[in-house]
Amino acid sequence: MHILWFKALHLFFMLAWMAGLFYLPRLFVYHATTTSQVVKDEFKVMERRLWYFVTPFALLTLAFGIALIVSYGGAWFKASGWLHIKILLLLAIYGYHFYLFKLMKQFARDENTHTPRFYRILNEAPVLIIFAVVCLAILKPF
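What counts, and where the lines are drawn
- Residues numbered from 1 in each chain as written.
- Predicted model: local features only at pLDDT ≥ 70, side-chain atom pairs only at ≥ 80, totals over all residues.
- Heavy atoms only, no water.
- Helix = DSSP H or I, 4+ residues; strand = E, 2+ residues; numbered from the N terminus.
- Buried < 20%, exposed > 50% of the residue type's maximum accessible area, 1.4 Å probe, protein only.
- Areas by Shrake-Rupley, 256 points an atom, 1.4 Å probe, with all protein chains shown as cover.
- Axes fitted to C-alpha atoms, helices over the stretch in contact; angles between N-to-C directions.
- Left-handed = near helix turned anticlockwise from the far one by under 90°.
- Contact = heavy atoms within 4.5 Å.
- Nonpolar A, V, L, I, M, F, W, Y, C, P; charged D, E, K, R; others polar.
- Salt bridge = Lys/Arg side-chain N within 4 Å of Asp/Glu carboxyl O.
- Arc of directions from axis to C-beta.
- Patch = residues over 30% accessible without salt bridge, like charges linked within 9 Å, V, L, I, M, F, W, Y side chains within 5 Å.
- Core = buried A, V, L, I, M, F, W, Y, C linked by side-chain atoms within 4.5 Å.

Asker: Would you explain the overall build of the protein chain in this entry?
Answerer: A count of helical and extended segments in the protein chain gives six helices and zero strands. Reading the protein chain from its N terminus to its C terminus gives the helix and strand order α-α-α-α-α-α. Counting across all 142 residues of the protein chain, residues that qualify as buried make up 36%. Surface summary for the protein chain: the accessible area is close to 8,400 Å², and the carbon and sulfur share equals 74%.

Shown next as structure tokens:
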């Protein structure tokens with residue numbers, strides 16, 4: 001029964017984390033568009049609060065994912081080729097998460113060098129990776 005709880009919590013925290021990962025670059029689009037320092041300062045607060053709000057979800061997603069792997073056991077892990085690919089893709093998503101932190105810090109120092117178009121593309125970039133992760137987890141193709 002504990003495996004079902006681990007799955008439920010892993011999925012819940014992943015959904016909460018992804019919501020933040022999709023919204024933060026959207027804030028960057030708006031932040032890069034404005035010329036008002038007052039509005040920029042408001043975006044800085046929103047961005048910082050969002051990043052620190054969703055980061056625990058990223059960590060809890062990881063913790064419950066590891067708990068699932070441990071619960072299923074080493075033999076299952078070795079035999080689950082799909083999971084190895086999923087983990088590689090997740091490393092990219094975690095890298096993306098911390099890249100957003102770097103960008104947030106640049107905005108905080110008023111040192112943004114990117115266009116709103118860059119942030120629009122950045123906002124959409126992880127969708128295909130997350131789609132692949134979900135397909136691997138559900139379909140378990142190999």
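Asker: Honestly, the packing of helix α1 (residues 2-33) against helix α4 (residues 81-108) in this entry has me stumped. Any pointers?
Answerer: Geometry of a packed helix pair, given as the angle between the helix axes and the separation of the axes. Put simply, α1 and α4 touch, their axes get as near as 11 Å, and they point 40° apart. α1 and α4 meet at a crossing whose hand is left-handed. In this structure, α1 contributes His10, Trp17, Met18, Leu21, Leu24, Pro25, Phe28, His31 and Ala32 to the contact, and α4 contributes Lys86, Ile93, Tyr94, Tyr96, His97, Leu100, Leu103, Met104 and Phe107. Classifying every residue of the contact of α1 with α4 by side-chain character gives 14 nonpolar, three polar and one charged.

Asker: Would you explain the pattern of salt bridges in this entry?
Answerer: The tally for this structure, following the rule as stated, stands at three salt bridges. One salt bridge in this structure joins lysine 44 and aspartate 41, with 3.3 Å as the shortest N-O distance. Separated by three residues within a single helix, lysine 44 and aspartate 41 lie in helix α2 (residues 37-72), roughly one turn from each other. Classification of lysine 44 as buried rests on a relative accessible area of 15%. Relative accessible area serves as the criterion here: at 34%, aspartate 41 is assigned to the partly exposed category. Close ionic contact of lysine 44 with aspartate 110 constitutes a salt bridge, the shortest N to O distance being 3.0 Å. With lysine 44 in helix α2 and aspartate 110 in the loop between α4 and α5 (116-124), the pair connects residues that are 66 residues apart, well separated along the chain. In this structure aspartate 110 comes out as partly exposed when scored by relative accessible area, which is 43%.

Asker: Quick question: what am I supposed to make of α5 here?
Answerer: One full turn of an α-helix is made of 3.6 residues, so residues set three or four places apart face in the same direction. When α5 is considered as a whole, its buried residues turn out to be Tyr119, Leu122 and Asn123. Down the axis, α5 shows its buried residues gathered within 100° of arc, on one side only. Exposed and facing more than 90 degrees away from the buried side of α5 are Arg117 and Glu124. The elements touched by buried residues of α5 are α1, α4 and α6 (126-139).

Asker: Mind showing me how you'd approach a nonpolar patch on the surface here?
Answerer: On the surface, Ile85, Leu88, Leu91 and Phe142 cluster together into a nonpolar patch covering about 420 Å² of accessible area. With respect to the element layout, leucine 91 can be found in helix α4. In this structure leucine 91 comes out as exposed when scored by relative accessible area, which is 56%.

Asker: How should the nonpolar core be read in this particular structure?
Answerer: When a protein is soluble and globular, its nonpolar side chains tend to lie buried together. Among the nonpolar cores identified, the biggest contains 27 residues, and Trp17, Met18, Leu21, Leu24, Phe28, Leu100 and Tyr119 are the most heavily contacted of them. At the level of elements, α1, α2, α4 and α5 are the ones that each hand at least two residues to this core. It is α1 that provides the largest number of residues to this core, a total of ten residues. Once residues within four sequence positions are removed from consideration, methionine 18 is found in contact with Ile93 and Ile130.

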